[in-house]
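What follows is each chain in one-letter form.
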Amino acid sequence: MTATLFPASGPAPVPAPAPQAHRPQPGQGRGSYWITTFGCQMNKADSERMAGILEAMGYREATAELEADLVLYNTCTIRDNAEQKVYSYLGRQAQRKRANPHLTLVVAGCVAQQEGESLLRRVPELDLVMGPQHANRLAVLLEQVEQGQQVVATGEHHILEDITTARRDSQVCGWVNVIYGCNERCTYCVVPSVRGQEQSRLPEAIKLEMEGLAERGFREITLLGQNIDAYGRDLPGITPEGRRRHTLTDLLHHVHDVAGIERIRFATSHPRYFTERLIDACAALPKVCEHFHIPFQSGDDAVLKAMARGYTVDRYRRIIERIRERMPDASISADVIVAFPGETDAQYQRTLDLIEEIGFDQVNTAAYSPRPNTPAAGWPDQLPETVKVERLHELNALVEAKARERSARYADRREQILVEGTNPKDPAQVMGRTRTNRLTFFPGQRPDGTTIQPGELVTVRIDQVRAFSLSGTLA
Ligand code: SAH
Ligand code: SF4
Ligand code: F3S
């Protein structure tokens, strides 16, 4: 599922249980594995590749976490509460391992990268600590574990193209990494230190992966990068007009004709690098959906400057205006942080004003959380917890109200829905998304008694609108 773009403490959109576990499947071989994934879509994509590697090694998926022979936590450290959650999960498994020494315990992802060896001191039961750049090396690392070593893999690493087939959670919507890492230095953010330098994949490799997914029945692809507008800036080549040869815009053109893929999305966009050329391409290319996830983080120029975001509120406004000129129905989502060090009431108010003015379809909200090795964490003007809680609370109410207003435009409309599966809360219903990414539920049976299948594109008449989802009937 492509539910939330990033973990948010803010208004929960639709059913998106935070840690997502792989579903059990019968099989034979080496033993059973369990993966729990925290954090963003980058981590989800890495988990799918690691699940593919484990299955290629002969592991099968466990039916329950507490029965698995190998437990892997793919972790997130974007905010302190994300990191603490991992420690409570680990405590449980460490206890299990003391009773069952054959259990293999792996911590992957961003907490692993941040903490490295100190994780072993904190949880001596661990067998393997591996940063995100090592995800594709899981098999080699586990072989070292099998030889009796306790392994830490957190060195800077050139990410190799993966040759194993990822084990995907969805059979309709897939994620494809196009650029790993981040070269920005937003003063609050831990991502550059845990994900390393930008590494773009070659357009040919990206297209090949999309073709493979299309052959397996996938219909929608989300291209992924922490700062996807940076795609290609580490690849060589200049055009005769003096432009970079590889940009996100060129990539969209390059992959657009993959047969079988009906919808293409991309995330996350950075307002500093977002171009008009990209907006024009989105408007011109029919498979590229009219949904833009462009975090603005704050509605105040001085706060943006302290965050080192590299744009002004006015630039952000102009981007949204331009998108709406070219694609009037486009949906816009974003991320925002409140209670950044030194944020005054007036500055916070400007964030609310911007949300009021733009009218976002969805916003992931968070209160600032100081992170290790980031400049803002050491600033003296940290705000008290009470201010954080108050601002977040008020902000969330506004975000929901605006989302509800935005949802209203769908009432009585006919929308094209790509069906993803059954509504987990009502087996008689199926669910899918509009092109603009609104989750939509409707009865799964046609008048002739046949059942609508995942992967079908259908037209649905919308008759109920809620803040973050819609319901309707087959048109
Ligand atoms: N690359 C994306 C963001 C990735 S992190 C971008 O540049 O927009 C996802 C979101 O987590 C961020 O957009 C931000 O809103 C939030 N976030 C990151 N660091 C945070 C921190 N220290 N405290 C609170 N929220 C944070
Ligand atoms: Fe973090 Fe900024 Fe990079 Fe986004 S662009 S991942 S917020 S450093
Ligand atoms: Fe979290 Fe790492 Fe993603 S810190 S948000 S899992 S890049």
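Higher on the page you've got the structure.
Conventions adopted
Residues numbered from 1 in each chain as written. Chains lettered and ligands numbered in written order. Predicted model: local features only at pLDDT ≥ 70, side-chain atom pairs only at ≥ 80, totals over all residues. Heavy atoms only, no water. Helix = DSSP H or I, 4+ residues; strand = E, 2+ residues; numbered from the N terminus. Buried < 20%, exposed > 50% of the residue type's maximum accessible area, 1.4 Å probe, protein only. Contact = heavy atoms within 4.5 Å. Areas by Shrake-Rupley, 256 points an atom, 1.4 Å probe, with all protein chains shown as cover. Lys, Arg positive; Asp, Glu negative; His and termini not counted. Charge placed at Lys NZ, Arg CZ, Asp CG, Glu CD. Core = buried A, V, L, I, M, F, W, Y, C linked by side-chain atoms within 4.5 Å. Near = heavy atom within 4 Å. Nonpolar A, V, L, I, M, F, W, Y, C, P; charged D, E, K, R; others polar. Salt bridge = Lys/Arg side-chain N within 4 Å of Asp/Glu carboxyl O. Polar contact = N/O pair within 3.5 Å; in protein donor to acceptor, adjacent residues only side chain to side chain. Pairing = 2+ DSSP bridges. Axes fitted to C-alpha atoms, helices over the stretch in contact; angles between N-to-C directions. Disulfide = S-S within 2.5 Å. Phe/Tyr/Trp six-rings, centres within 6.5 Å; stacked < 30°, edge-to-face > 60°. Lys NZ or Arg CZ within 6 Å of the ring centre and 35° of its normal. Expected span 1.5 Å × (residues − 1).

A. Structural view of the overall build of the chain. In terms of helices and strands, the chain carries 13 helices and 20 strands. A burial count over the chain gives 58% of its 475 residues as buried. Taking as baseline every contact in the chain between residues at least 6 positions apart, the subset at least 24 positions apart corresponds to 72%. With the model as given, the accessible surface of the chain reaches about 19,300 Å², and the carbon-plus-sulfur share is 51%. Treating the 56 positive side-chain charges of the chain as one cloud and the 61 negative ones as another, the clouds have centres 1 Å apart.

B. View of unusual backbone geometry. Residue Ala267 is joined to Thr268 through a cis peptide bond whose omega torsion reads 5 degrees. The backbone of Gln297 sits at a positive phi, close to 70 degrees, despite the residue not being glycine. On the secondary structure map, Gln297 appears in the loop between strand S13 (291-293) and helix H10 (301-307). A positive phi angle, close to 65 degrees, is found at Asp412, a residue other than glycine. On the secondary structure map, Asp412 appears in the loop between helix H13 (385-407) and strand S16 (414-423).

C. Here's a closer look at the nonpolar core. In terms of nonpolar packing, the biggest core is built from 71 residues, with Leu223, Leu252, Phe266, Phe292, Tyr316 and Ile323 touching the most fellow members. Ignoring any residue separated from it by four or fewer positions in sequence, one finds Ile323 in contact with Phe274, Ile279, Phe292, Ile294, Ala330 and Ile332. Core analysis: the next-biggest nonpolar cluster, separate from the first, contains 23 residues, Trp34, Phe38, Ala62 and Ala68 among them.

D. Spatial organisation of the site of ligand 3. Ligand 3 sits among Cys40, Asn43, Cys76, Thr77, Ile78, Cys110, Arg195 and Gln226. Looking at the shell around ligand 3 residue by residue, the class counts come to 4 nonpolar, 3 polar and 1 charged.

E. Examining the side chain of Lys388 more closely. When you line up the elements, Lys388 lands in helix H13. Buried Lys388, no salt bridge; nearest opposite-charge side chain is Glu385, N-O distance 4.5 Å. Of note is the side chain of Lys388, whose polar atom sits 2.9 Å from the backbone oxygen of Tyr368. Ignoring any residue separated from it by four or fewer positions in sequence, one finds Lys388 in contact with Ala339, Ala367, Tyr368, Pro370 and Leu383.

F. Broad picture of the sheet that holds S13. Pairing is parallel in the open sheet, where 3 strands are placed in the order S13-S14-S15. The sheet terminates laterally at S13 and strand S15 (362-367), the two strands that pair on one side only. On average, adjacent strands in this sheet sit at an angle of 10 degrees to one another, irrespective of strand direction. Two elements, strand S14 (residues 331-338) and S15, share 6 bridges in a ladder whose sense is parallel. Residue Val336 lies in a different strand from S15, and its bridge partner there is Thr365.

G. Focus on the state of the cysteines. Under the defined criterion, the tally for this structure stands at 0 disulfides. Here Cys289 stays free of any disulfide, with the sulfur of Cys173 as its closest cysteine sulfur at 9.6 Å. On the accessibility criterion, Cys289 (2% relative accessible area) is buried.

H. The packing of aromatic side chains, seen in detail. Within the structure shown, the criterion is met by 11 aromatic pairs. With a centroid separation of 6.2 Å and an interplanar angle of 75 degrees, the aromatic rings of Phe266 and Phe292 are classed as edge-to-face. Residue Phe266 is located in strand S12 (residues 263-267), and its partner Phe292 is located in strand S13; the two are separated by 26 residues in the primary sequence. Phe292 carries the same exposure label as Phe266, and that label is buried. Pairing Phe340 with Tyr368 gives two aromatic rings, centres 5.4 Å apart and planes at 75 degrees, and the pair type is edge-to-face. You can see Phe340 sitting in the loop between S14 and helix H12 (345-358) and its partner Tyr368 sitting in the loop between S15 and H13, a full 28 residues away along the chain. Residue Phe340 shares its accessibility class with Tyr368, and that shared class is buried. Taken together, the ring pairs connect Tyr188, Phe340, Tyr368 and Trp379 into an aromatic cluster. Its end group placed over the ring of Tyr89, Arg92 keeps NZ or CZ at 5.1 Å from the ring centre.

I. Region of interest: the pairing of S14. Of all 8 residues that make up S14, 8 are buried, and the element is covered over most of its length. Going residue by residue along S14, you find Ser331, Ser333, Asp335 and Ile337 tucked away on one face and Ile332, Ala334, Val336 and Val338 tucked away on the opposite face as well. Two elements, S13 and S14, share 3 bridges in a ladder whose sense is parallel. Bridging from a neighbouring strand, Phe292 pairs with Ile332 of S14.

J. The arrangement of helix H2 (residues 80-99) in detail. Its 20 residues give H2 an end-to-end C-alpha distance of 30 Å, which sits within 8% of 28 Å, the value for a rise of 1.5 Å per residue. Of all the residues in H2, the buried ones are Ala82, Glu83, Val86, Tyr87, Tyr89, Leu90, Gln93, Ala94, Arg96 and Lys97. In this structure, the buried side of H2 is in contact with strand S2 (31-37), strand S4 (70-75), strand S5 (104-108), helix H3 (109-115) and helix H4 (117-122).

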